[in-house]
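What follows is each chain in one-letter form.
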Amino acid sequence: MLSFNQFLVENSVSSLSIFDIDDTLFKTDTKVIVKKNNKKVTELNPAEYNVYKLGDGESFDFSQFRSSSVFAKSAKPIENVFKTAKKMLAKFTSFKQKKVVIITARADLDDKNLFLDTFRKYGFNIDNVHVFRAGNMSMPGPAAKAKIAGDQLKSGNYSVARMFDDHDGNLDAFLSLKQQFPNINFEAFLVDKDTGNISRYH
């Protein structure tokens with residue numbers, strides 16, 4: 001398991017640090033509904049959704065993931081990751097060459113302030129972090145997250161890019177950006193959604 005102390009030595013390093021929300025920073029009760037003929041077939045948590053293959057005539061209903069109320073009522077921090085993110089944000093704020101962002105698979109939520117207040121409730125300085133919503137893009141989640149990360153890397157002069165995510169597909173897509181940015185050191189960290197343990201991926 002990795003800890004925040006691993007990142008304390010990089011004061012002079014320009015870095016982009018990316019965190020996911022669901023099953024990475026927070027555990028929630030939010031479900032993706034699978035429907036067929038306008039009837040519910042099943043409900044999927046984020047991990048199940050990542051690997052679910054739609055059957056004939058099935059479609060996804062993401063209404064719960066767009067509900068700020070559902071998020072606010074059920075979101076509970078995954079302690080180890082949440083603490084790491086808070087400490088990194090607090091330390092890196094004083095360095096202009098460091099940036100912390102969130103890239104979530106969610107689309108826009110229905111109440112932005114209520115959504116952000118959930119972070120504030122747990123002492124997370126969300127006002128210094130931009131939340132990119134990959135769900136607004138018409139492409140698969142891993143590709144959308146990688147596209148957002150790549151756009152961020154183009155806009156800055158970073159020597160390190162790191163991502164924390166519970167889904168290996170998202171991390172694979174992120175690491176594939178190495179071909180586009182050969183001079184950047186890429187670091188991927190896989191979060192165990194049940195224990196909160198952080199392990200280096202590949």
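Refer to the structure presented above.
What this report covers is the structure whose coordinates are included nearby. (Residues numbered from 1 in each chain as written. Predicted model: local features only at pLDDT ≥ 70, side-chain atom pairs only at ≥ 80, totals over all residues. Heavy atoms only, no water.)

## Brief notes about the overall build of the protein
Phase 1: Scanning the protein from N- to C-terminus turns up six helices and 11 strands.
Phase 2: Taking 202 residues into account, the globule formula puts the C-alpha radius of gyration at 17 Å, and the protein, at 17 Å, falls close to it.
Phase 3: Its C-alpha atoms put the protein at 55 × 40 × 30 Å along the principal axes.
Phase 4: When burial is assessed residue by residue, the protein has 46% of its 202 residues classed as buried.
Phase 5: Considering only contacts in the protein between residues 6 or more positions apart, those separated by 24 or more positions represent 74%. (Helix = DSSP H or I, 4+ residues; strand = E, 2+ residues; numbered from the N terminus. Rg over C-alpha atoms; globule rule 2.2 N^0.38 Å. Buried < 20%, exposed > 50% of the residue type's maximum accessible area, 1.4 Å probe, protein only. Contact = heavy atoms within 4.5 Å.)

## Observations concerning the layout of surface pockets
Phase 1: Roughly 600 Å³ of volume is contained in the largest pocket.
Phase 2: Considering the residues around the largest pocket, the lining is formed by 27 residues, among which Tyr49, Asn50, Phe62, Ala105 and Gly141 are closest to the centre.
Phase 3: Where the lining of the largest pocket is concerned, the elements lending two or more residues are helix H1 (46-51) and helix H5 (141-155).
Phase 4: Across the lining of the largest pocket, the residue classes tally to 14 nonpolar, six polar and seven charged.
Phase 5: Along its surface, the second largest pocket is lined by Asp108, Leu109, Lys112, Phe115, Leu116, Ile126, Asp127, Val129, His130, Val131 and Arg133.
Phase 6: Contributing elements (two or more residues each) for the lining of the second largest pocket: helix H4 (112-121) and strand S8 (130-133).
Phase 7: Looking at the lining of the second largest pocket residue by residue, the class counts come to six nonpolar, one polar and four charged. (1 Å grid on protein atoms, 1.4 Å probe; cavity = no way out; pocket = protein on both sides within 12 Å on 5 of 7 lines; lining within 4 Å. Points joined across faces, edges and corners; volume = space filled by probe spheres on them. Nonpolar A, V, L, I, M, F, W, Y, C, P; charged D, E, K, R; others polar.)

## Let's talk about the pattern of salt bridges
Phase 1: A full pass over the atoms with the stated rule returns 13 salt bridges.
Phase 2: Asp165 is the salt-bridge partner of Lys145, the closest N and O atoms lying 2.8 Å from each other. Linking Lys145 in helix H5 with Asp165 in strand S9 (residues 160-165), this pair joins segments that are 20 residues apart in sequence. For the pair Lys145 and Asp165, one class covers both residues: buried.
Phase 3: A salt bridge links Lys193 to Asp194; the shortest N-O distance between them is 3.5 Å. (Salt bridge = Lys/Arg side-chain N within 4 Å of Asp/Glu carboxyl O.)

## A look at H4
Phase 1: Listed in full, the buried residues belonging to H4 are Phe115, Leu116, Thr118 and Phe119. The arc that holds every buried residue of H4, seen down its axis, measures 140°, which confines them to one face. Opposite the buried face of H4, by more than 90 degrees, sit the exposed residues Asn113 and Lys121.
Phase 2: Elements in contact with the buried residues of H4: strand S2 (26-27), helix H2 (68-74), strand S7 (98-104) and S8.
Phase 3: Between a side-chain oxygen at the N-terminus of H4 and the backbone nitrogen of Asn113 the separation is 3.3 Å; the capping residue is Asp111.
Phase 4: Just past H4, the residue Gly123 takes up positive phi, approximately 75°. (Arc of directions from axis to C-beta. Polar contact = N/O pair within 3.5 Å; in protein donor to acceptor, adjacent residues only side chain to side chain.)

## With respect to the environment of Glu187
Phase 1: Following the sequence through the fold, Glu187 ends up in strand S10 (residues 185-191).
Phase 2: Looking at Glu187, the relative accessible area reads 13%, which means it is buried.
Phase 3: For the pair Glu187 and His202, spaced 15 residues apart in sequence, the C-alpha separation works out to 8.7 Å.
Phase 4: At a separation of 3.4 Å, a polar atom in the side chain of Glu187 contacts the side chain of Asn185.

## Quick word on the nonpolar core
A general tendency of soluble globular proteins is for nonpolar side chains to be buried together.
Phase 1: Ranked by internal contacts, the top residues of the largest apolar core, which has 27 residues, are Phe19, Leu25, Ile102, Phe119 and Phe124.
Phase 2: Breaking this core down by element, the ones donating at least two residues are helix H3 (79-92), S7, H4 and S10.
Phase 3: It is H3 that contributes the most residues to this core, six residues altogether.
Phase 4: Setting aside its immediate chain neighbours within four residues, Ile102 contacts Phe19, Ile21, Leu25, Phe119, Phe124, Ile126, Val129, His130, Val131 and Phe132.
Phase 5: With 21 residues, the next largest nonpolar core counts Phe132, Ala144, Ala149 and Leu171 among its residues. (Core = buried A, V, L, I, M, F, W, Y, C linked by side-chain atoms within 4.5 Å.)

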